Amino acid sequence: MNKFILIWLLLVSYTSIASETIRVRGSQSEHDSTHNYYIGLIELAYEKLNKPIRIQSSPYMVQDRALSELQSGRLIDLYWAGTNHQRESELGVVRIPLNKGLLGYRVFTIHKDNAQLFSEIKSIKSLRNISLCQGQHWPDTDIMLAAGLSVTTNVIYENMFKQVYAGRCKAFPRGINEAFSEVTSRNKIMPDLMVYDDLILHYRFPMYFFTHKDNKQLINDLKSGLTRALKDGSFDHYMKTHPATKHLFPLSQWNNKTILTIDNPFLSQSTPTDNKDLWITLGN
């Protein structure tokens, strides 16, 4: 019996040693309903490689601080965020859009009293008259400002929902993969918060995994694992079944929406825009 116990202890010890620990950022708040979507993608990638990992969450930090920690190789090893040319030049990047570009399809989190106002918007010109909340360090802010939109910034994720609810801005544009679960998770504290999705703001905007430039093994593992998941269909299956994204399917439900497209002048030339397997396109 002691012999079997010893073997079991050795196996547990080996597994613990062999498992790679990946430190990621913590949730933005208790209502951060999409955080585990990206954790699941990390797990899916390593499952495809048959490599054991342990995911460890560091305390939450604002986006600018998190990217600084990545660059210096301190508190976190991996961060998921929307991209721009500067981030890709300073950090190691896995150029596989983690939600197939859906982050660049923005619906509007609003107070229900403003639904009529948004129903009358049919052009970028009319949208420019509407005050929008966005994160201070987010690439979206620069994209929207470049298009002439009115943007009020805040460094705290949760505060932007509060600003919308209090009328300090008319809307918080959120990725179509984010907005619905975010509003649902706040039903009790903000019962008049809603997603207005008859109007969609669109720009090319992939969300990537970022790490330190020298972390070649992590970059290669994530790229290889996610590529395998894309090829065998498990990436799409994950999107269609995960609570944060399953409501987006079937994609035909978005065919009759008003989609306003703006340019993203901050997109890297290395963006894999020609690979159709990496992107979802909404609308007719």
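Before reading further, recall that the structure is shown in the block above.
Residues numbered from 1 in each chain as written. Predicted model: local features only at pLDDT ≥ 70, side-chain atom pairs only at ≥ 80, totals over all residues. Heavy atoms only, no water.

Participant: I'm lost on the overall build of the chain in this one. Help?
Facilitator: When its secondary structure is counted, the chain shows 11 helices and 11 strands. Over its C-alpha trace the chain gives a radius of gyration of 20 Å, about what one expects of a compact globule, namely 19 Å for 284 residues. Looking at the 284 residues of the chain, the share that counts as buried comes to 51%. For the chain, restricting intrachain contacts to residue pairs at least 6 apart in sequence, the fraction spanning at least 24 positions comes to 78%. Accessible area of the chain: about 13700 Å², with a carbon and sulfur share of 50%. (Helix = DSSP H or I, 4+ residues; strand = E, 2+ residues; numbered from the N terminus. Rg over C-alpha atoms; globule rule 2.2 N^0.38 Å. Buried < 20%, exposed > 50% of the residue type's maximum accessible area, 1.4 Å probe, protein only. Contact = heavy atoms within 4.5 Å. Areas by Shrake-Rupley, 256 points an atom, 1.4 Å probe, with all protein chains shown as cover.)

Participant: Even after reading the chapter, I still don't get the sheet that holds strand S8 (residues 172-175), so can you show me in this structure?
Facilitator: The strands making up a sheet associate through backbone hydrogen bonding, with each pair oriented either parallel or antiparallel. Reading across from one edge, S8-S5-S9-S11 is the order of the 4 strands in this open sheet, with mixed pairing throughout. With one partner strand each, in any of the chains shown, S8 and strand S11 (258-261) form the two edges of the open sheet. Neighbour-to-neighbour, the strand axes of the sheet open up by a mean angle of 45 degrees, direction not taken into account. Inspection of the sheet shows strand S5 (residues 105-111) paired to S8 by 4 bridges, in the antiparallel sense. Its bridge partner being in S8, phenylalanine 108 is matched across the sheet by proline 173. Against the sheet, helix H8 (residues 157-166) contacts S5, S8 and strand S9 (193-202), and its axis sits at roughly 130 degrees relative to S8. (Pairing = 2+ DSSP bridges. Axes fitted to C-alpha atoms, helices over the stretch in contact; angles between N-to-C directions.)

Participant: Please clarify how the pattern of salt bridges should be interpreted in this entry.
Facilitator: Should their charged atoms come close, side chains of opposite charge can pair. All chains considered together, the criterion is met by 14 salt bridges. Here arginine 23 ties to aspartate 77 by a salt bridge, and the two come within 2.9 Å at their closest N and O atoms. Of this pair, arginine 23 sits in strand S1 (residues 20-24) while aspartate 77 sits in the loop between helix H3 (63-72) and strand S3 (79-82), and the two are 54 residues apart along the sequence. A salt bridge links arginine 74 to glutamate 69; its shortest N-O distance comes to 3.0 Å. (Salt bridge = Lys/Arg side-chain N within 4 Å of Asp/Glu carboxyl O.)

Participant: Is there a simple way to explain the sheet that holds S3 in this structure?
Facilitator: Across the sheet, 3 strands lie side by side as S3-S10-S4; this open sheet has antiparallel pairing. This sheet does not close on itself; its edge strands, each paired only once, are S3 and strand S4 (92-94). Averaged over all adjacent pairs, the angle separating strand axes in this sheet is 40 degrees, with direction ignored. Bridge count for S3 against strand S10 (residues 207-211) is 4 bridges, and the pairing is antiparallel. Residue pairing for S10: alanine 81 is matched across the bridge by tyrosine 208. Here H3 sits on the sheet and contacts S3 and S10; the angle it forms with S3, its principal contact strand, is near 125 degrees. Sheet contacts for helix H10 (residues 216-232): S4 and S10; angle to S4, the most-contacted strand, approximately 10 degrees.

Participant: It is not clear to me how helix H7 (residues 139-146) should be interpreted in this structure. Could you clarify?
Facilitator: Note on helix geometry: an α-helix contains 3.6 residues per turn, so any two residues three or four positions apart are oriented the same way. The complete set of buried residues in H7 reads Pro139, Asp140, Thr141, Ile143 and Met144. A positive phi of about 85 degrees marks glycine 148, the residue just after H7.

Participant: Honestly, the side chain of arginine 106 in this entry has me stumped. Any pointers?
Facilitator: Residue position: arginine 106 is located in strand S5. Of the polar contacts made by the side chain of arginine 106, one reaches the side chain of aspartate 140; its length is 2.9 Å. Separated by 3.2 Å, the side chains of arginine 106 and tyrosine 203 make a polar contact. Among residues more than four places away in sequence, those in contact with arginine 106 are Gln134, Asp140, Pro173, Arg174, Gly175, Glu178, Leu199, Ile200, Leu201, Tyr203 and Phe205. (Polar contact = N/O pair within 3.5 Å; in protein donor to acceptor, adjacent residues only side chain to side chain.)

Participant: Help me out: how do you make sense of the pairing of strand S7 (residues 150-154) in this one?
Facilitator: Remark: a regular strand shows side chains that alternate across the two faces of the sheet. Bridge count between strand S6 (residues 131-135) and S7: 5 bridges; the pairing is parallel. Note on S7: the bridge partner recorded for glutamine 134 is threonine 153. A crossover connection joins S6 to the parallel S7 through H7; in handedness this β-α-β unit is right-handed. (Right-handed = clockwise from strand over helix to strand, strands pointing away.)

Participant: Even after reading the chapter, I still don't get the state of the cysteines, so can you show me in this structure?
Facilitator: Note on terminology: disulfide describes a covalent bond linking the sulfur atoms of two cysteines. For the structure shown, the criterion picks out 1 disulfide. For cysteine 133, the disulfide goes to cysteine 169, at an S-S distance of 1.9 Å. Its torsion about the S-S bond being -100 degrees, the disulfide of cysteine 133 and cysteine 169 is classed as left-handed. Of this pair, cysteine 133 sits in strand S6 while cysteine 169 is found in the loop between H8 and S8, placing the two residues 36 residues apart along the sequence. Looking at cysteine 133, the relative accessible area reads 1%, which means it is buried. Note on cysteine 169: relative accessible area 1%, which makes it buried. (Disulfide = S-S within 2.5 Å.)

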